[in-house]
Amino acid sequence: MEIGKILGKSWEEYKESWKEWALVYLIQIGILIGGMLLMGPLIIAMVFIIEISEYSGGSMVIIMILGFLCIVLGLIISLMSFSMSIGVIKCAMEKTRKREVQYKDLFFILKNKPLKFIGFYCVYNIFIILWSLLLIVPGIIKMYSYSQALYLMVENPDYGILECITKSREIMEGRKTSLFLISLIFIGIGLVLYFIPFAGILSLFVFSPFANLSYLNFYNEVTGYKHNDEVIIEEY
């Protein structure tokens with residue numbers, strides 16, 4: 001597997017679509033900031049009432065209502081953040097397959113079994129934690145073994161959670177080292193960015209989409225995706 005080819009292809013795809021990626025991340029940031037701005041006044045009002053009240057019956061009811069609204073809004077923000085993190089993967093998948101990036105894909109899981117994706121994250125993290133309890137190294141190895149499971153679920157929402165994890169383990173047999181090397185490259189880039197002015201902007205608008213495209217091109221490689229006049233997904 002040619003790592004340089006994967007990274008080169010990903011960089012070319014990023015250069016072709018950097019404006020689209022900038023808008024994708026701006027939408028993501030804007031929605032999250034908007035949600036937090038809505039929560040801010042609720043928290044301030046709750047703190048203010050606590051400070052001036054003597055915990056009378058009426059004030060306690062108001063505090064409980066405001067607290068409940070904060071919890072609900074927090075859950076909505078968390079769901080939107082989770083949804084858009086999956087949506088970015090969907091956008092990257094479409095771009096690596098020569099399709100147009102569609103901004104509605106940011107909300108891909110909202111209409112594609114969101115509870116299954118939430119369940120996937122729970123099961124995935126439980127597996128990694130359990131393996132890590134043995135030793136750190138087995139946990140890291142399994143993390144790379146299961147690394148393609150989320151991409152499989154994004155591409156095939158009808159797959160079961162354990163089915164995706166099993167297929168990921170199968171297709172990563174003998175390929176974990178290549179993905180580990182790609183990860184090391186991005187860790188190195190991240191360390192370099194740490195010492196560069198405006199690193200946050202570079203990381204968000206350049207590094208993140210480039211990394212996502214690279215990992216999706218790796219996924220395309222290990223699953224046998226071909227882009228000619230048609231799409232062919234080989235059996236794993």
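Residues numbered from 1 in each chain as written. Predicted model: local features only at pLDDT ≥ 70, side-chain atom pairs only at ≥ 80, totals over all residues. Heavy atoms only, no water.

A. Layout of the packing of aromatic side chains. For the structure on display, the rule yields 14 aromatic pairs. Consider the rings of Trp11 and Phe210, whose centres lie 5.3 Å apart with planes at 80°: the pair is edge-to-face. Of this pair, Trp11 sits in helix α1 (residues 3-52) while Phe210 sits in helix α8 (residues 199-223), and the two are 199 residues apart along the sequence. A relative accessible area of 34% places Trp11 in the partly exposed class. Looking at Phe210, the relative accessible area reads 13%, which means it is buried. Between Phe120 and Tyr124, the ring centres sit 5.8 Å apart and the planes meet at 25°, which makes this aromatic pair stacked. (Phe/Tyr/Trp six-rings, centres within 6.5 Å; stacked < 30°, edge-to-face > 60°. Helix = DSSP H or I, 4+ residues; strand = E, 2+ residues; numbered from the N terminus. Buried < 20%, exposed > 50% of the residue type's maximum accessible area, 1.4 Å probe, protein only.)

B. Spatial organisation of the nonpolar core. One finds Trp21, Ile86, Phe117 and Val154 to be the most contacted residues of the largest nonpolar core, which totals 58 residues. Ranked by residues supplied to this core, first place goes to helix α2 (residues 57-96) with 13 residues. In this structure, Phe117 is in contact with Phe82, Ile86, Phe108, Ile109, Asn112, Leu150, Met153 and Val154, ignoring residues within four places of it in sequence. (Core = buried A, V, L, I, M, F, W, Y, C linked by side-chain atoms within 4.5 Å. Contact = heavy atoms within 4.5 Å.)

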